[in-house]
Protein chains: 2
Amino acid sequence: MTLEVTYRITGDDPAKVADAIRVEQTIEFPLELVDRAFIRDVVVGQVTGSRPAGDAVGGQLVTIAYDDGVVGGELPQLLNVLWGNVSMLPGVRVEEVVLPESLLVSFPGPRFGVAGLRALLDAPARPLLTTAIKPMGLSAAELGVLTGVLAEAGLDIVKDDHSLANQPWAPFRERVARCSEAVASANGRTGGRCLYMPSLNVPAEQVLDAAHEAATLGAGALLVLPGVVGFDALRLVTSDAGPGLPVMSHPSLLGSYVVTPTQGLAHGIVLGTLMRLAGADLSVFPHHGGRFSFSAEECRAIAEACRAPLGDLAACFPAPGGGMTPERVPDLLATYGADVALLIGGALHRGDVADNARRFRAQAEELVS
Amino acid sequence: MTLEVTYRITGDDPAKVADAIRVEQTIEFPLELVDRAFIRDVVVGQVTGSRPAGDAVGGQLVTIAYDDGVVGGELPQLLNVLWGNVSMLPGVRVEEVVLPESLLVSFPGPRFGVAGLRALLDAPARPLLTTAIKPMGLSAAELGVLTGVLAEAGLDIVKDDHSLANQPWAPFRERVARCSEAVASANGRTGGRCLYMPSLNVPAEQVLDAAHEAATLGAGALLVLPGVVGFDALRLVTSDAGPGLPVMSHPSLLGSYVVTPTQGLAHGIVLGTLMRLAGADLSVFPHHGGRFSFSAEECRAIAEACRAPLGDLAACFPAPGGGMTPERVPDLLATYGADVALLIGGALHRGDVADNARRFRAQAEELVS
């Protein structure tokens, strides 16, 4: 079975570039020197289609089919085949990926997904409500207090800012302990099911151990940064080797893959398909009109990739954030529907954070009732 | 002490963008809501300089100083501070990074470096000679035979193509065993010190174990793909937790960080400074005029970053490849000098590979004698 990758090629001679890509992503060897039919016809990618893009960005959309043996069933090599060396070619962008069943079976995908998270949080229909604890510079004790306030006000998930690491004023272990205790205490008072989600922004050798340690300390979910630690580390944390908690992926460092329209990979592939393949239950990305530049169309493409059929993999929640405010909630629901995890961070702190958080919850419930 | 990052900002209002960056990379929180001086003045980055770029790409070069506490001494968070969320802003590129001594002490850097590898390989003055085994699709036994031929002909390092993974026709363990045996046998015949270098293109949880397994099987060096497994996994493999072998870094997936002149990070930072910080002894990148688009100037910048003063860290070898041929060797030496690891792959297979490999070695020795 074959993996089909459609590249947008905006250079002068798309057919020549496509011929280079199908070799570059497989044998990296002069094709004319290959005398073995198996290598020439099976191992090397084969061009199976070509059509003009016919949109504002332009270029030619060329599909290359790669034999699944070239991938060997592992995510790191799947990334190499999709984009490894071609990442160094300007004027090429991955626009579509069709994964064969033979590869999809290697990836369990989201452990909870939309349905599982809704059940866990007892939120059968409304948008999920998430926020991040900030600003960096607060002590672990202060972050714990803030986490408790947000949990008590009715947020579903209170996450670390992705950039919280082992800063001296709030190191990982102490922060996770204080915030987990605060959420447990708030849930005890309210009967709620809020989850505290620490950022696994830790050294490579600690990612899996930190996931288990966080679970032991009482964290209810985990944040992973695949741009920093690799997509396969996300898969590892969500696998049976991890603690079995819901996992959110964060786009840190991944922007360079998507923001240049003629280079990189489509927004939906990086922030939807690959996150889901690696097991994310929620995928954070910046919504249109916040602090970043993603267009409304690009955001919709991410949400679509989070939910589109993909083998037997569960759908995951799009989690649009990046400068959202309570005023944007109607627009967010119009764009994404109710199967969305709303992420509002700093804006909840304009005025009384507890009041704002309670209003955020009430607003989301009203809008879908 | 502060980490100084100089961003090229090509948008309309560079001062406003810089103000957004210094907040985005630290507190991700409305600055006007911060009443604590410590957070406003220490945790948030501070703009320390601004000047017109004055080159063909244009824009303003704005320097932001970040307190070292924001990094917390770990590479994943260093990457977040340099480029994490700003990766999602078009029109911003990291052009210079100055690391304070307080952060540099956390990174031992290359274990061998230029001097250590020269001693290990008994090659005190000439360029190192490296090649890759290919094409993908050969069996492990066939790759072993090819490795032996190349080792016997006088290559210093015979590496896996980075894309060799666990393909069914040559899975990792079998490939490493066959190629290691072949090099040991060739070294026994010639008295040489050739190193076989497998690609650690394996699942996240196996990277460190595979490094040790490879060493046990007789591999003499290791290839790591930080774009796929994360820069911190490269650091881990080169640390005392690894098997203590020389390590080469490969640019797979990293092209999107460098190829757009107004976005990403400078070539020298990604393929020089960060590789060296993470401990690479050799950094592969595509030389000007091969299969990729890097300019001569960008290649020189990478080489300079491989060798420039960086705390107490050893210099690493630039390893220009990507479609090089024996005819390009004089140009390569003119560009890089003798402290270079030449990488010629497929071109050695035009005609008799053993003859070509012997001529490659003779040529390199003549040119520096």
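Every value quoted in this text rests on a predicted model; they were computed, and no experiment measured them. (Residues numbered from 1 in each chain as written. Chains lettered and ligands numbered in written order. Predicted model: local features only at pLDDT ≥ 70, side-chain atom pairs only at ≥ 80, totals over all residues. Heavy atoms only, no water.)

Section: the relation of the copies chain B and chain A
The pair of chain copies shares a relation made of a rotation about an axis and a shift along it.
Then, number 1: Note on the identical chains: chain B maps onto chain A by a rotation of 180° and an axial translation of 0.0 Å, with an RMSD of 0.0 Å. In short, the pair behaves as if placed about a two-fold rotation axis. Closest to the rotation axis within chain B is the C-alpha of Gly230 of chain B, separated from it by 2.5 Å.
Then, number 2: Most of the interface of chain B is mirrored in chain A, where 100% of its interface residues again form contacts. (Least-squares fit on C-alpha atoms with pLDDT ≥ 70 in both. Contact = heavy atoms within 4.5 Å.)

Focus: the sheet that holds strand β10 (residues 264–265) of chain A
All names here are of chain A.
Then, number 1: Taken together, 5 strands build an open sheet; the order of strands is β2-β3-β1-β4-β10 and the sheet is mixed. Of all strands in the sheet, those with a lone pairing partner are β2 (46–52) and β10, marking the two edges.
Then, number 2: Across 6 bridges, the pairing between β2 and strand β3 (residues 60–67) is antiparallel. Bridge pairing links Ser50 to Val62 in β3.
Then, number 3: Set on the sheet, helix α1 (residues 14–24) makes contact with β1 (2–9), β2, β3 and β4 (92–98); between it and β3 the angle comes to about 20°. (Pairing = 2+ DSSP bridges. Helix = DSSP H or I, 4+ residues; strand = E, 2+ residues; numbered from the N terminus. Axes fitted to C-alpha atoms, helices over the stretch in contact; angles between N-to-C directions.)

Some points on helix α15 (residues 329–336) of chain B
An α-helical turn contains 3.6 residues, so a residue and the one three or four places further along point in the same direction.
Residues and elements named next belong to chain B.
Then, number 1: Within α15 the residues assigned to the buried category are Val329, Leu332, Leu333 and Tyr336. Projection of α15 onto a plane perpendicular to its axis shows the buried side chains occupying an angular sector of 95°, all on one side.
Then, number 2: Looking one or two residues past α15, Gly337 carries a phi angle of roughly 75°, positive in sign. (Buried < 20%, exposed > 50% of the residue type's maximum accessible area, 1.4 Å probe, protein only. Arc of directions from axis to C-beta.)

Observations concerning the sheet that holds strand β6 (residues 157–160) of chain B
Residues and elements named next belong to chain B.
Then, number 1: Strand order in the open sheet made by the 4 strands is β7-β6-β5-β13, with parallel pairing throughout. Taken across any chain shown, the strands that pair with only one partner, and hence form the sheet edges, are β7 (195–197) and β13 (341–343). Each strand axis lies, on average, 25° off the axis of its neighbour in the sheet, ignoring direction.
Then, number 2: Sheet topology places strand β5 (residues 128–133) next to β6; 4 bridges connect them, and they run parallel. When the bridges of β6 are listed, Ile133 appears paired with Asp160.
Then, number 3: Packed onto the sheet, helix α8 (residues 172–190) meets β5, β6 and β7 and runs at close to 165° relative to β7.

Overview of the interface of chain B and chain A
Then, number 1: The partner chain A presents 77 residues to the 77 residues of chain B that form the contact.
Then, number 2: Summing both partners gives a buried area of about 6,600 Å² for chain B against chain A, and 58% of it is carried by carbon and sulfur.
Then, number 3: Linking chain B with chain A are 10 salt bridges, by the criterion used here.
Then, number 4: Arg350 of chain B is the partner of Glu32 of chain A in a salt bridge, and the nearest nitrogen-oxygen pair spans 2.9 Å.
Then, number 5: Contributing elements (two or more residues each) for the side of chain B that touches chain A: α2 (37–43), α3 (68–71), α4 (75–83), α10 (226–229), α11 (231–238) and α12 (255–258) of chain B. (Buried area = accessible area lost by both parts, 1.4 Å probe. Salt bridge = Lys/Arg side-chain N within 4 Å of Asp/Glu carboxyl O.)

Describing the environment of Ala204 of chain B
Then, number 1: Summarising the element assignment, Ala204 of chain B is placed in the loop between β7 and α9 (207–217).
Then, number 2: On the basis of relative accessibility, which here comes to 28%, the residue Ala204 of chain B falls in the partly exposed class.
Then, number 3: Spatially, the C-alpha atoms of Ala204 of chain B and Ala233 of chain B are 8.6 Å apart, while their sequence positions differ by 29 residues.
Then, number 4: In contact with Ala204 of chain B, not counting residues within four places along its chain, are Asp232, Ala233, Arg235 and Leu236 of chain A.

Here's the deal with empty space enclosed by the protein
Then, number 1: Tallied over the full model, the rule gives 4 cavities of 30 Å³ or more.
Then, number 2: Its boundaries defined by the atoms lining it, the largest cavity holds a volume of some 290 Å³.
Then, number 3: Lining the largest cavity are 29 residues, and of these Gly227 and Tyr257 of chain A together with Gly227, Leu254 and Tyr257 of chain B lie nearest its centre.
Then, number 4: The set of elements that each furnish at least two residues to the lining of the largest cavity consists of α4 (75–83), α10 (226–229) and α13 (267–277) of chain A together with α4, α10 and α13 (267–277) of chain B.
Then, number 5: The class makeup of the residues in the lining of the largest cavity is 25 nonpolar, 4 polar and no charged.
Then, number 6: If you go around the second largest cavity, the residues you meet are Pro108, Gly109, Arg235, Thr238, Ser239, Leu277, Ala278 and Gly279 of chain A. (1 Å grid on protein atoms, 1.4 Å probe; cavity = no way out; pocket = protein on both sides within 12 Å on 5 of 7 lines; lining within 4 Å. Points joined across faces, edges and corners; volume = space filled by probe spheres on them. Nonpolar A, V, L, I, M, F, W, Y, C, P; charged D, E, K, R; others polar.)

Some words on the packing of α4 of chain A against helix α11 (residues 231–238) of chain A
Residues and elements named next belong to chain A.
Then, number 1: Relative orientation of the contacting elements α4 and α11 amounts to 150°, with a least axis distance of 8 Å. Classified by the angle between their axes, α4 and α11 sit roughly antiparallel to one another. When you trace α4 past α11, the crossing you get is right-handed. Taking contact as the criterion, the partners of Leu75, Pro76 and Leu79 in α4 are, on α11, Phe231, Asp232 and Arg235.
Then, number 2: For the contact of α4 with α11, the class distribution of residues is 4 nonpolar, no polar and 2 charged. (Parallel < 35°, antiparallel > 145°, perpendicular 65-115°, else oblique. Left-handed = near helix turned anticlockwise from the far one by under 90°.)

Function cannot be inferred from these measures alone, as they are strictly geometric.
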